[in-house]
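Report on the structure
Chain by chain, the residues:
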Amino acid sequence: MKVLARDDMATEFMPFWNAVDAGHLSFPVCRTCDRFHWYPLNLCPYCRGQDIAWSEVSGPGELYSWTVVRHAFDPEFWDQIPYIVALVVFPDAPGIRLVTNLIDVAPEKLSFGIAVTPAFDARNAADDPLRFRIVSA
Amino acid sequence: MKLDVAIVGVAETPPMRRSDKGVRGLVIDSVLAALDDAGIAPDEVDGIVTDSMIMPTTVPHDYVAAQLGINSRFDAAISMGGAGIVCAPLQAALAIQNGLADVVISYFGVDWGTRAAGPYGFHDVYPAKKVFEKPYGFNAQPAYFALWARRYMLEYGLTERQLGSVAVHQRRHALLNGGGQMTTPLSMEDYLSSKLISDPLRVPDCCQITDGAGAFVMTSGRRARDCRKRPVYAKGVGFGSVPITGDAVFTQNPELLVIPGAKAAAGDAFTMAGVGANDIDFAEIYDCFTISCLMQLEDMGLCEKGEAGAFFEAGEAGLGGKMPVNTHGGLLSYSYRLGIEHLVEAVRQLRGEAGAAQVVGAEMGLVSGLATPDFGVLVLGGENTR
Ligand SMILES: [Zn+2]
C-alpha cells in the first residue's frame, strides 16, 4: 500500500517524508524541552512549545517488538501475507517508536534489540513506505 | 459523590456473526426488551446516554427517540465504545439525582459482522494512520495488540500457555452460558495448535465479530424497588484517560505495557463505591484480546503486575476460583459488542439469573470498558448492597 499522497497529508507529517526522499531518517524534537514526540504534532505534547525541529538519526535502530501478520485484514495485503510489522526505537531519538516492515529476513532470525536499518534503496517512488532490514553481523 | 441509581432492566439481541436486521433494528429490539425487563413503558423514558463516537453516527439518539416516542429531558454521550458504555451510569446518575431525568436508557449495537470493513473501518478517522501505519499493513487490532503481547512476554515472562488459559477458561464459561457465538469446546492443545493470526496472537486470542445490540434502563434507587426485577445498583463509576491520540496510543504511549486510564478509573470507581479490589466477587473485563484482558486485571489492581497470566493458569479466574472473569465467555467466546454484553451479564449475575454459569453468592461485580486511550470502570452491587 502507498503512503497517502503529499497533497492529502497533514503538513506536520511532510518533513518526515521529505527527509526520507533525501535518504535520511529524522524525527520531531522540541527546541524548548528537548523531547522527541511521535506522531508529528504542531505543539510539543510535553511543554506545548511551538518551536519544533527535525533531528536526524545517525545510526541504526533497535527492534523493540514485532509481529508476523498472517491474515489480510485489508484485502489489499492478500498477496503480501505473511509480513513482519516491527516497532523500532532509536538511541538518538528517545521516545520515538517507529512502525515499519522488516524485509529480507525470516521471522525466526528476529530477537529483541537486534540492529535494524532503513532500506532506502527498496523505495522506488515518493509514495513508497520506508521499510527496514536487519544489520548483518 | 455517592451514587443512587439502579439498573432495572437489561436485554440483548442473540449474539450472531451476521444478522439481516441492521444495527438500528437490533438496537430498537434491545431497548424495547430492556424496558420490558424493567416493567417500564417507553413513554416513561426521559433520558438517553450512549458513547459519543460510534452510536451518534450509526444509531443516533433522535432516531431512537422518534422510533419509541421518547420525550427527552436529558441527553448525553461520553467517551467511545466500551469506555462509554460502562461510564453511562455516571451521566444517568448526574441527571437522575439532580432531578433532570427519571428514567434513562443506554444502548449499544454494531453490525461489524456484515459490514465490509468490520471493526477496522473506523480507524480511518486518525490522520497519522494512512501516513505512518497503513502502508506497512499495520491496520488492525490483532496486529496492535500483538506488538504489546510480544513485548509483554519479554518483560513479564508471560507464557503462551498462560495466554491460552484465558481463551480456554472463557470458552468453558461460554459453553455453560450456552447463548454465545462459540459453541464448541477449546482445550489447551486446541489452543496451541490453532492458527496464528498475528504472532504471538492466535485465532482464540482474538474476540468475536458480531452483529447485535444490548440496552439497559436506569432509574433512582427509590423507584427501582417498584420495578419488575431485583435492582442492581451502580456503586461506583470511574473514567480515566491519558493525553495521546487513539492511533498513537498503540505504539507511542511512554508506558506502552500499561493500559491507559485503567488505574485512575479503577481508583475512582472503588473510592466512589467505598470498596476495594478484594470485595469484587466477579469481573467482566473488556477482553478484546487475551493480552488486553490480562493487562487490565493488573492495571486496575485486581492482580499484581505480571501476575494475571498465572492467576488464569491456576484457575482462579474460572467459575469456582477466587474471582471469576468473563462469566459468559467474554468478547472472546460470547460476542463482541464492545462490552454491552459485559454489563448485561454482570446484572444477570447480581440478580442470580446466570444459570449454569452463576457465581454463587455474587454481591459485587466489576465491568471494565477499554477504548484506548480512554478507560471506564463500573462497580455494580446486588440488592443487599444499597
Ligand atoms: Zn517541549
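Report follows, based on the coordinates. Quick caveat: nothing in here was measured; it's all calculated off a predicted structure.

1. Some thoughts on the coordination of the zinc ion
Residue and element names in this part refer to chain A. Protein ligation of the zinc ion involves Cys30 (SG), Cys33 (SG), Cys44 (SG) and Cys47 (SG), the donor distances falling in the range 2.3 to 2.4 Å. Its 4 donor atoms give the zinc ion angles of 99 to 118° at the centre, a pattern that matches the tetrahedral case. Looking at Cys47, the relative accessible area reads 29%, which means it is partly exposed.

2. Observations regarding helix H14 (residues 340–351) of chain B
Residue and element names in this part refer to chain B. If you check H14, its first and last C-alpha atoms are 17 Å apart, about what 12 residues at 1.5 Å a residue would give, namely 16 Å. With 11 of 12 residues buried, H14 is to be regarded as a mostly interior element. For H14, the complete set of buried residues consists of Ile340, Glu341, His342, Leu343, Val344, Glu345, Ala346, Val347, Gln349, Leu350 and Arg351. Looking one or two residues beyond H14, the residue adopting positive phi is Gly352, at roughly 80°.

3. What to know about the sheet that holds strand S7 (residues 211–220) of chain B
All names here are of chain B. Sheet architecture is open: 9 strands sit in the order S3-S2-S4-S7-S1-S8-S11-S10-S9, paired in mixed fashion. This sheet does not close on itself; its edge strands, each paired only once, are strand S3 (74–77) and strand S9 (282–284). For this sheet, the mean inter-axis angle between neighbouring strands, taken without regard to orientation, is 25°. Pairing of strand S2 (residues 47–50) with strand S4 (residues 103–111) involves 3 bridges; the strand directions are parallel. Pairing of Val49 across the sheet is with Ser106, part of S4. In the packing of helix H1 (residues 23–38) onto the sheet, the strands contacted are strand S1 (5–12), S4 and S7, and the crossing angle to S7 comes to about 35°.

4. As for the interface of chain B and chain A
Contacts between the two partners involve 33 residues from chain B and, on the opposite side, 35 residues from chain A. Interface area for chain B against chain A, summed over the two sides, is near 3200 Å², with a carbon-plus-sulfur share of 62%. If you sort the residues of chain B by the area they bury against chain A, Phe132, Tyr136 and Gln252 of chain B come out on top, with a joint share of 25%. Across the pair Asp199 of chain B and Arg70 of chain A runs a salt bridge whose closest N-O atoms are separated by 2.6 Å. On inspection of chain B and its partner chain A, the count reaches 17 residue pairs in polar contact (both at pLDDT 80 or more). The set of elements that each furnish at least two residues to the side of chain B that touches chain A consists of helix H5 (129–132), helix H6 (141–156) and strand S5 (196–198) of chain B.

About the criteria used
- Residues numbered from 1 in each chain as written.
- Chains lettered and ligands numbered in written order.
- Predicted model: local features only at pLDDT ≥ 70, side-chain atom pairs only at ≥ 80, totals over all residues.
- Heavy atoms only, no water.
- Donors = N, O, S within 2.8 Å, 3.2 Å for Na, K, Ca; no water.
- Tetrahedral: all angles 85-135°; square planar, octahedral: opposite > 155°, others 65-115°.
- Buried < 20%, exposed > 50% of the residue type's maximum accessible area, 1.4 Å probe, protein only.
- Helix = DSSP H or I, 4+ residues; strand = E, 2+ residues; numbered from the N terminus.
- Expected span 1.5 Å × (residues − 1).
- Pairing = 2+ DSSP bridges.
- Axes fitted to C-alpha atoms, helices over the stretch in contact; angles between N-to-C directions.
- Contact = heavy atoms within 4.5 Å.
- Buried area = accessible area lost by both parts, 1.4 Å probe.
- Salt bridge = Lys/Arg side-chain N within 4 Å of Asp/Glu carboxyl O.
- Polar contact = N/O pair within 3.5 Å; in protein donor to acceptor, adjacent residues only side chain to side chain.

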